[in-house]
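# Understanding the architecture of this molecule
For reference, the chains in residue letters:
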Amino acid sequence: MSRDRATRGPGADARGPAVAAVTTPPLWRDPWAALTALAVLPLVFAMRGAPWGEPVAEDFDFLHRALLQGMGTLLDGGGSQAFWRPIPHQLYYAVMGPTILSHPALGTVLHLLLLALGAVLLQRLLRPTLGGPLACLAAAFTLGAESTRTIAAWPTQFVDVGLFVFSMLALHAASRRRVPLAIGALLLALLCKEVAIVTGLLLPFVPSAAPERDARRVRVRLALASGATMLVWGLASLAVRHHAGLVLPQRIAASSEALAATPLERLAWAMHGSLKALVSLPLVTSPDDGFALAGVALLGLLATLVFVRVPAARARLVAMRGWLLWGAVWWLLATATLMPIFPSWQPNRSQYGSVGAGVIAAGVLGSAHPALAVAFTAMRLAALERAPHAATQVSDEPPAQGAFMDWARLTRLQRFMREARTRLVTSWPRLPRGGVVVQENLPHGVEYAFGGDHALQVWYGDASLHWMRFDTFQTHRDTTATVILQGEPGHDPPLALVSPSAVRDLFAAIALMPEARHAEILARLDRADAAQRDTAAVQYWVTSRAMRGHALVALGRAAEAFALVAPVVPRDPQDRAARQVLVEALLHLDRFDEAAAHLDTLGTLAPDDPATVQLRGTLARLRPAAGASPPAR
């Protein structure tokens, strides 16, 4: 790489309004470029404990197309019903598909390396004007946010990885007057994501170190070439979308909120969400909002005081006005591209616009004093560390942070999917042709991660396999299902494998209960329990033990029932039936105080449940009157 021409920049000379010349060293002799690449390490630390690269949701649409159907033409959605993005949706999965399934973490490592590369390209782009330290801080800005973790860890977010890297390559090449390379990189960015049109629009206006006459000539060439490229890409995109019938998801485009929102409301929403994402804050109000606002306000006030009192600081600010204006326009345009997806917020979509925000933050604060820019970087890294960590348990409800998908939601889905894949494939290395796997009691929002039947089909490489919901299986019990995938929210592991034959016997035992055929119920439960091998199936075992305990109490074996049911109640404290059976056993054993305590708990779970009301009446009749008080409702 040749030494770039020296330019007049903010430099290190703070003795007066004169600005020192800054020379850009070759890449291999630039320690600030190396430090920029290492800025990905705090992001890696913030991703600790996550199931890196585990495919979920849209990933399976693209894996299904690439691995089971064949890549075919590049002139369609490649598995997407909404977008034409042939590089991330087709080429990427064709190359990386087997690796994503066998060693998913390697995909995340690739994303991290490419994000570091994009940051280094941005640093080299900014260095002639901002100098090494500030260019490093500005370029590393894109890596220090909660949202970038999602881009690194989710295979489908190669969309944003490619957009970022190719856009930075285009800008870097444009600043060095390498027009063919800049236009080629722009085309690749457009084929990753439509919002690269912002890159094309601002490509001719990248502040250049060339003399004004040369810069004007290069800008004209870039404007003509990028305009032609965007025109050709736009026409091709319209043709492909029309031919393939690609449309935005109706849950977004046709939602009542989207139809009612004005363009100004959409823009305000996008800007508000993006600004919060820059400091790793959720869209909803959080306790850290005030601290972030106070920190930014304090830094802004200190910078203002410096500019008022120090002429050299004002000179440095003026010297980089071209980049500051360019960065502001970049952030505004990139943020405006989020308006069509209102109200489905995803903070990772702000990473592209953060390129401009980083230039503004480092440029303004660094012009006042480099320590202010360093302080802002430290504040953002602290905010990144305070942001939600990777999900360690699969909760029944997804985290509510105002986003359709963010780090907490993504890692919750990835953890469940990794467990589902490994448990299924380990227990059933092969499924019969046309096999059916039943889904039961999945945590809310998790079904989305399966991508319909695609996850099951991709895991086994068999397009004949299908999922079935449990309610369908319940009404069609003769279905030849291989296994039931039973969700266990809040438990570790978060799911279990249940035998369909065991569940059929469980249903048969339930049918015998109205006739009080307790001996036959126990026989049916014996068969069911013998078929069920997975001890992690909390829901199954709690239900089975509760039914068995009820039959034992009816047969006068209350002590056995208590010993059987008492250990399973803590495993699922919300299960009413098991706790009610425990109360039955305690009443028969004259352990009234313990029964009353459990009735108190049942009163909070479902105070008007008929069985609970009946048990409360039984306790009132049996409990000794002396010194006793009725149980709290």
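Higher on the page you've got the structure.
Quick look at the structure, then.

## Concerning the pairing of strand β6 (residues 495-498)
Alternating residues of β6 divide into L495 and L497 and A496 and V498, and every residue in both groups is buried. Both strand β5 (residues 481-487) and β6 contribute to a ladder of four bridges, which runs antiparallel. Residue pairing across strands places I484 opposite V498, the latter belonging to β6.

## What about the packing of helix α5 (residues 104-140) against helix α7 (residues 158-175)?
Axis separation between α5 and α7 bottoms out at 9 Å; the angle between their running directions is 25°. By the angle between their directions, the pair α5 and α7 is classed as roughly parallel. Like other packed secondary-structure pairs, α5 and α7 cross with a definite hand, here left-handed. Contacts between α5 and α7 pair H111, L114, L115, L117, G118, A119, L121, L122, R124 and L125 from the former with F158, V161, F164, V165, M168, L169, L171, H172 and S175 from the latter. Here the contact of α5 with α7 is built from residues that sort into 14 nonpolar, four polar and one charged.

## Re empty space enclosed by the protein
Any space left empty among the atoms is revealed by the rolling of a water-sized probe across them. The full count for this structure, using the stated rule, is five cavities of 30 Å³ or more. Lining of the largest cavity is provided by 17 residues; of these, E146, L281, P282, P347 and D406 occupy positions nearest its centre. At the level of elements, α6 (146-153) and α19 (407-427) are the ones that each hand at least two residues to the lining of the largest cavity. The element best represented in the lining of the largest cavity is α6, accounting for three residues. Tallied by class, residues from the lining of the largest cavity come to eleven nonpolar, three polar and three charged.

## Comments concerning a nonpolar patch on the surface
Taken together, the side chains of I197, L201, L325, V329 and L333 present a nonpolar region at the surface, about 390 Å² in accessible area. Listed by contribution, the elements that provide at least two residues to the nonpolar patch are α9 (197-202) and α16 (321-336). A total of three residues in the nonpolar patch trace back to one element, the largest contributor, which is α16. As for its position among the elements, L333 is in helix α16. Classification of L333 by relative accessible area gives partly exposed; the value is 33%.

## Looking at the layout of surface pockets
Estimates place the volume of the largest pocket at around 1200 Å³. A82, F83, R85, P249 and R349 are the residues nearest the centre of the largest pocket, which is lined by 49 residues in total. Broken down by secondary-structure element, the contributors of at least two residues to the lining of the largest pocket are α3 (58-69), α7, α10 (212-244), α11 (250-253), α13 (263-278) and α16. Along the lines of polarity and charge, the residues of the lining of the largest pocket split into 23 nonpolar, 17 polar and nine charged. As a volume, the second largest pocket reaches approximately 560 Å³. Surrounding the second largest pocket, 20 residues form its lining, L275, L278, V279, V296 and F376 being those nearest its centre. Elements represented by at least two residues in the lining of the second largest pocket include exactly α13, α14 (289-309) and α17 (354-368). Residue contributions to the lining of the second largest pocket peak at six residues, all from α14. Residue composition of the lining of the second largest pocket, by class: 16 nonpolar, two polar and two charged.

## A short note on unusual backbone geometry
The omega torsion of the bond from F342 to P343 falls at 5°, within 30 degrees of zero and hence cis. Cis geometry marks the peptide bond from D492 to P493, where omega comes out at 5°. In this structure, P493 sits in the loop between β5 and β6. The phi torsion at S280 lies on the positive side, around 60°, for a residue other than glycine. On the basis of relative accessible area, S280 is assigned to the buried category, the value being 7%. Positive phi outside glycine occurs at D590, with the angle close to 60°. Residue position: D590 is located in the loop between α26 (576-588) and α27 (592-605).

## Notes on the environment of L602
By secondary structure assignment, the location of L602 is in helix α27. Once the C-alpha coordinates of L602 and T472 are considered, the two residues, 130 residues apart in sequence, prove to be 30 Å apart. Apart from residues lying up to four places away in sequence, L602 is in contact with R576, R579, Q580, V583, P607 and T612.

## Quick notes on the pairing of strand β4 (residues 466-469)
Here four bridges tie strand β3 (residues 436-440) to β4, and the two strands are oriented parallel to one another. Across the sheet, residue Q439 finds its bridge partner in β4, namely R469. With helix α20 (residues 454-460) bridging β3 and the parallel β4, this β-α-β connection has right-handed handedness.

Definitions and limits used
Residues numbered from 1 in each chain as written. Predicted model: local features only at pLDDT ≥ 70, side-chain atom pairs only at ≥ 80, totals over all residues. Heavy atoms only, no water. Buried < 20%, exposed > 50% of the residue type's maximum accessible area, 1.4 Å probe, protein only. Helix = DSSP H or I, 4+ residues; strand = E, 2+ residues; numbered from the N terminus. Pairing = 2+ DSSP bridges. Axes fitted to C-alpha atoms, helices over the stretch in contact; angles between N-to-C directions. Parallel < 35°, antiparallel > 145°, perpendicular 65-115°, else oblique. Left-handed = near helix turned anticlockwise from the far one by under 90°. Contact = heavy atoms within 4.5 Å. Nonpolar A, V, L, I, M, F, W, Y, C, P; charged D, E, K, R; others polar. 1 Å grid on protein atoms, 1.4 Å probe; cavity = no way out; pocket = protein on both sides within 12 Å on 5 of 7 lines; lining within 4 Å. Points joined across faces, edges and corners; volume = space filled by probe spheres on them. Patch = residues over 30% accessible without salt bridge, like charges linked within 9 Å, V, L, I, M, F, W, Y side chains within 5 Å. Areas by Shrake-Rupley, 256 points an atom, 1.4 Å probe, with all protein chains shown as cover. Salt bridge = Lys/Arg side-chain N within 4 Å of Asp/Glu carboxyl O. Right-handed = clockwise from strand over helix to strand, strands pointing away.

Interpretation note: all reported values are geometric properties and have no functional meaning in isolation.
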